[in-house]
Amino acid sequence: MNSEKQFATLAVHAGEQIDPLTGALDTPIYQSTTFAAADSAEMAALYGGEKPGYMYTRYGNPTLHALEEKLAALEAGEAALAAATGMAAISTAILGYIGSGDHVVASRSLYGAAYNFLNKKLPRMGACTTFVPSLDPADFERALQPNTRLIYFETPTNPVLDVLDIGALGELGRSRGVPTMIDNTFASPALQQPLKLGVTVVVHSATKYLCGHGDAMGGAIIGPADYISELRQDVLRDFGGVMSPFNAWLILRGIHTLHLRMPAQCANARQVASFLAGHPKVERVNYPGLERHPGHALAARQMKDFGAMMSFEVKGGYEGGRQVMDRCRIFARAASLGDTRSLIVHSASTSHRAVPRDERRAMGVSDGLVRLSIGVEAAEDLIEDLDQALAF
Ligand SMILES: *Cc1c(COP(=O)(O)O)cnc(C)c1O
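Rules used throughout
Residues numbered from 1 in each chain as written. Predicted model: local features only at pLDDT ≥ 70, side-chain atom pairs only at ≥ 80, totals over all residues. Heavy atoms only, no water. Helix = DSSP H or I, 4+ residues; strand = E, 2+ residues; numbered from the N terminus. Rg over C-alpha atoms; globule rule 2.2 N^0.38 Å. Buried < 20%, exposed > 50% of the residue type's maximum accessible area, 1.4 Å probe, protein only. Contact = heavy atoms within 4.5 Å. Areas by Shrake-Rupley, 256 points an atom, 1.4 Å probe, with all protein chains shown as cover. Lys, Arg positive; Asp, Glu negative; His and termini not counted. Charge placed at Lys NZ, Arg CZ, Asp CG, Glu CD. Pairing = 2+ DSSP bridges. Axes fitted to C-alpha atoms, helices over the stretch in contact; angles between N-to-C directions. Domains from an automatic or database assignment. Buried area = accessible area lost by both parts, 1.4 Å probe. Salt bridge = Lys/Arg side-chain N within 4 Å of Asp/Glu carboxyl O. Near = heavy atom within 4 Å. Polar contact = N/O pair within 3.5 Å; in protein donor to acceptor, adjacent residues only side chain to side chain. Expected span 1.5 Å × (residues − 1). Parallel < 35°, antiparallel > 145°, perpendicular 65-115°, else oblique. Left-handed = near helix turned anticlockwise from the far one by under 90°. Nonpolar A, V, L, I, M, F, W, Y, C, P; charged D, E, K, R; others polar.

A. The overall build of the protein, seen in detail. Counting its secondary structure elements, the protein contains 14 helices and twelve strands. Compactness check: the protein gives a C-alpha radius of gyration of 21 Å against a globular reference of 21 Å for 392 residues, within 12% of the reference. Classification of the 392 residues of the protein by burial places 54% in the buried group. Within the protein, contacts between residues at least 6 apart in sequence are counted, and of these 72% link residues at least 24 apart. For the protein, the exposed area adds up to about 16,600 Å²; of that, 52% sits on carbon and sulfur atoms. On the protein, the mean spot of the 35 positive side-chain charges and the mean spot of the 41 negative ones are 6 Å from each other.

B. Just the sheet that holds strand S4 (residues 148-154), in detail. Spatially, the seven strands line up as an open sheet ordered S1-S7-S6-S5-S4-S2-S3, and their pairing is mixed. Looking along the sheet, the strands with just one partner apiece sit at the ends: strand S1 (79-83) and strand S3 (128-132). Each strand axis lies, on average, 20° off the axis of its neighbour in the sheet, ignoring direction. Relative to strand S5 (residues 180-183), S4 runs parallel, the two sharing four bridges. Residue pairing for S5: isoleucine 151 is matched across the bridge by threonine 180. In the packing of helix H5 (residues 112-121) onto the sheet, the strands contacted are strand S2 (103-107), S3 and S4, and the crossing angle to S3 comes to about 130°.

C. Spatial organisation of the sheet that holds strand S10 (residues 332-333). Taken in spatial order, the five strands of this open sheet run S8-S9-S12-S11-S10, and their pairing is mixed. Each end of this open sheet is capped by a strand with a single partner; those strands are strand S8 (282-286) and S10. Where strand S9 (residues 309-314) meets strand S12 (residues 369-373), five bridges bridge the pair, whose relative direction is antiparallel. In the strand pairing of S12, serine 311 is matched with arginine 371. Each of S8, S9 and S12 is contacted by helix H10 (residues 258-277), which is oriented at about 15° to S9, the strand it contacts most.

D. Molecular detail of the domain arrangement of the protein. Along its sequence, the protein is carved into domain 1 (7-255) and domain 2 (258-389). Taking only C-alpha atoms into account, the centre of domain 1 sits 27 Å from that of domain 2. Facing the 34 residues of domain 1 at the interface are 37 residues of domain 2. When domain 1 packs against domain 2, close to 2,800 Å² is buried across both sides, 63% of that on carbon and sulfur atoms. Looking only at domain 1, the three residues that lose the most surface to domain 2 are Pro159, Leu191 and Tyr209, adding up to 27% of its buried area. At the boundary of domain 1 and domain 2, one finds one salt bridge. We note a salt bridge from arginine 108 to glutamate 359, for which the minimum N-O separation is 3.6 Å.

E. How the structure looks around unusual backbone geometry. Residue proline 156 follows threonine 155 across a cis peptide bond; omega there is -10°. Note that proline 156 resides in the loop between S4 and helix H7 (166-176). Between asparagine 158 and the following residue, proline 159, the backbone shows a cis peptide bond with an omega angle of -5°. Note on placement: proline 159 falls in the loop between S4 and H7. Phi at alanine 76 is positive, roughly 55°, even though this residue is not glycine. Here alanine 76 shows up in the loop between helix H3 (62-74) and S1.

F. Expanded view of the site of the ligand. The immediate surroundings of the ligand are formed by 14 residues, with Gly86, Met87, Asp183, Thr207 and Lys208 found nearest. With respect to the ligand, the backbone of glycine 86 contributes an N or O atom lying 2.8 Å from an oxygen atom. Relative to its free-state accessible area of 390 Å², the ligand is covered by the protein chains to the extent of 93%.

G. Structural detail: H10. Between its terminal C-alpha atoms H10 stretches 28 Å, which fits the 28 Å expected from 20 residues at 1.5 Å a residue. Every buried residue of H10 is accounted for by Leu258, His259, Arg261, Met262, Gln265, Cys266, Asn268, Ala269, Val272, Ala273, Phe275 and Leu276. Looking at the buried side of H10, the elements it contacts are helix H1 (7-13), helix H9 (245-255), S8, S9, S12 and helix H14 (379-389).

H. Expanded view of the packing of H10 against H14. Where H10 meets H14, the closest approach of the two axes is 9 Å, and the angle between their N-to-C directions is 30°. Judged by the angle between their axes, H10 and H14 are roughly parallel. Remark: the crossing between H10 and H14 carries right-handed chirality. Of the residues in H14, those in contact with Asn268, Gln271, Val272, Phe275 and Leu276 of H10 are Ala379, Glu380, Leu382, Ile383, Leu386 and Asp387. Across the contact of H10 with H14, the residue classes tally to seven nonpolar, two polar and two charged.

This is how it looks when you write it as structure tokens:
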């Protein structure tokens, strides 16, 4: 499927074809660890990479291949690699660039495990990271060192929905010869395609919007063909965080409706955000779709819509935040995001409980901050649920 087709058509068709052997319309789940060769010469050619084909699922699998082709098409990238989880994808993608003596410049506002990987795991391999506490590309530029081999960021950020300038950071990397990598989980390629804006590599937790139904873990890396092939033949092969064929099939099926789910979730989110913004018990709403959000104009430029993630600060601080979470009836008290179901988390008592209070507040995670992942239910019901939860 050529990538000039519209996004919706690619979401349904890219990477998949009618099975030439059986006519099966849906991509089969190749639940096989091993693939037999006809003879020793063929197996030698497969091992040597002279003949394309499959040997062992950690090296490649046809169901994973279909997903990888689809992801490359959706992100407008040259090639893609599936991984077992978002964190397997992120660690693999970073290790594709970083070795002993190297330096990373990263945004301070990052998914917690990605921050820990850069902050705690890379030093064990002799590399280190400078975390930039601002959103300004000039501060990223000032943090560059002669040994900087990667600029890493995400936007919109978790859980305060800051918006970073994808085009400006991509341009900074290109002008200084440093690859740039973005975690595109929150927006998904339905809303933002960073490779088209000049970023080198996109990583995903496919567990979230790509899968969309909260039933499979997965990760993805999309980028230049030579880099992806190096990851496939070296880094991922040796670290071993490969996706299961069954999960690849679930995520393929999820992506068939990505272009339908995402606009529905964004439309719900807009209504929920404007309800919250007018509620007397709500101090502040972090949603890039609201005009007074500091990243609104930038988000309007680089995103197709404003996403379905938001957070808000409840009056009443820590206890207020807990009350809202406990009183919800439709929103599930659950981690993760990007599900068809709406989810709610009070950050200070759950996801950020291990972060010291001052550090947590510096990240914008105030005591009363509540994060919402808006699903595909009816907006009126979601608003009614929040309204009764806020009546404490
Ligand atoms: C969930 C998430 C991850 C980690 O993905 P897993 O699939 O849980 O390993 C990374 N980045 C972001 C932005 C996420 O939301």
